[in-house]
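The lines below spell out each chain.
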Amino acid sequence: MSVLVHPIAAPWGRFHLYSFLIDAPELALVDTGVTASAAGVPAELERIGRRIEDVRWILLTHGHIDHVGGAHALWEATGRRAEVVIGADDAEFVRSRRAHVDEALALRGDLVGRERLEAAKTAEAADAISGEFEPTRLVRDGDALDLGGVTVDVHAVPGHTAGAVAYAVDGHVFAGDAVQCFGAASGFPGFEDPDAYRSSLERLRALAPEHLYLGHPYRRADGTPFPVALDAAQAAEALEGSLAREAQVRAAVHAHPAAASDSVYSPYAAVAASLDYSGDPTLEPSPFFTTMRGYAAQHAGAS
């Protein structure tokens, strides 16, 4: 049985957040934005002749604030009838606002200033996360969900986060932020585990998606944005571009050891310069420092 997919966009700061309605016998909403952006989802569903009360599945690709922040509000709007699904290793981000603060501190606190980061992330979590609650279903690689006769296959795609998953149905693949290309608004790809990220890209490429859905308008090498709903050719381009950029970043990290300096990119100023990266690395969610820390952690683990 074929399904239709409806992208739902909402602004949040310098980002645009996206949810996707899978128009199956049992309606499913992929990702939920944040508290403010989720408020517009019911109206958008009404516009296309659907109701939030009829949504039976809320499928979360990963645990970051801009994907799970609106989950509690939208779950409440369904009368708490929707199944709220997330990868088991990211479930803590639905259960606890504090988990988002702790993650940020662990990944980049010593690189951007712990006290400032903790205060900013605590305020952001309070504002952007509509509620803490227990997800109704935790999924792992190889699981399948039944949307009233339409099967959604779950694929683990760690790297951006440990528990990230992609949902595949009828040639449509919802990847969340697992395909970073050359970065989104920040201009740099963000992933906490480089090896896992690369393996996940290769896995997604092997799926050969007919339609690939991205969490944000990620960019090509020339800075032009991809749409968030990609056809097969665009999907292949985005996946190959993501693999190419990861290889470039990996080579730059290996060629330029960390060295303290007065640069805002310290201790990775030489890496930034070699990659022609001139964005502000302190802007949250700071993909530059998160990614650099990922390579540093792998190097330490291999030592």
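Residues numbered from 1 in each chain as written. Predicted model: local features only at pLDDT ≥ 70, side-chain atom pairs only at ≥ 80, totals over all residues. Heavy atoms only, no water.

Trainee: What exactly am I supposed to notice about unusual backbone geometry here?
Mentor: With glycine set apart, most residues show a phi of negative sign, and most peptide bonds adopt trans. Of the consecutive residues S266 and P267, the connecting peptide bond is found in the cis state with omega at 5 degrees. Among the secondary structure elements, P267 is positioned in the loop between α9 (232-255) and α10 (269-274). Looking along the chain, the bond that leaves E284 and enters P285 is cis, with omega of 15 degrees. Among the structural elements, P285 can be located in the loop between α10 and α11 (287-302). (Helix = DSSP H or I, 4+ residues; strand = E, 2+ residues; numbered from the N terminus.)

Trainee: Hey, could you run me through the packing of helix α8 (residues 194-207) against α9 in this one?
Mentor: A pair of packed helices is characterised by two quantities: the angle between their axes and the separation of those axes. For the pair α8 and α9, interaxial distance at closest approach is 10 Å and the crossing angle is 160 degrees. Taken as axis vectors, α8 and α9 run roughly antiparallel relative to one another. For the pair α8 and α9, the sense of crossing is left-handed. Residues P194, D195, Y197, R198, L201, E202, L204 and R205 of α8 form the contact with α9, whose own contacting residues are L239, E240, S242, L243, E246, A247 and R250. For the contact of α8 with α9, the class distribution of residues is seven nonpolar, one polar and seven charged. (Axes fitted to C-alpha atoms, helices over the stretch in contact; angles between N-to-C directions. Parallel < 35°, antiparallel > 145°, perpendicular 65-115°, else oblique. Left-handed = near helix turned anticlockwise from the far one by under 90°. Contact = heavy atoms within 4.5 Å. Nonpolar A, V, L, I, M, F, W, Y, C, P; charged D, E, K, R; others polar.)

Trainee: For this particular structure, what's the right way to read the pairing of strand β5 (residues 83-87)?
Mentor: Taken residue by residue, a regular strand's side chains alternate between the two faces of the sheet. A large share of β5 lies buried, amounting to four of its five residues. Inspection of the sheet shows strand β4 (residues 55-59) paired to β5 by three bridges, in the parallel sense. Following the sheet pairing, W57 is matched in β5 by E83. In this structure, β5 lies alongside strand β6 (residues 137-139), joined through three bridges in parallel fashion. The residue of β6 that forms the bridge with I86 is L138. (Buried < 20%, exposed > 50% of the residue type's maximum accessible area, 1.4 Å probe, protein only. Pairing = 2+ DSSP bridges.)

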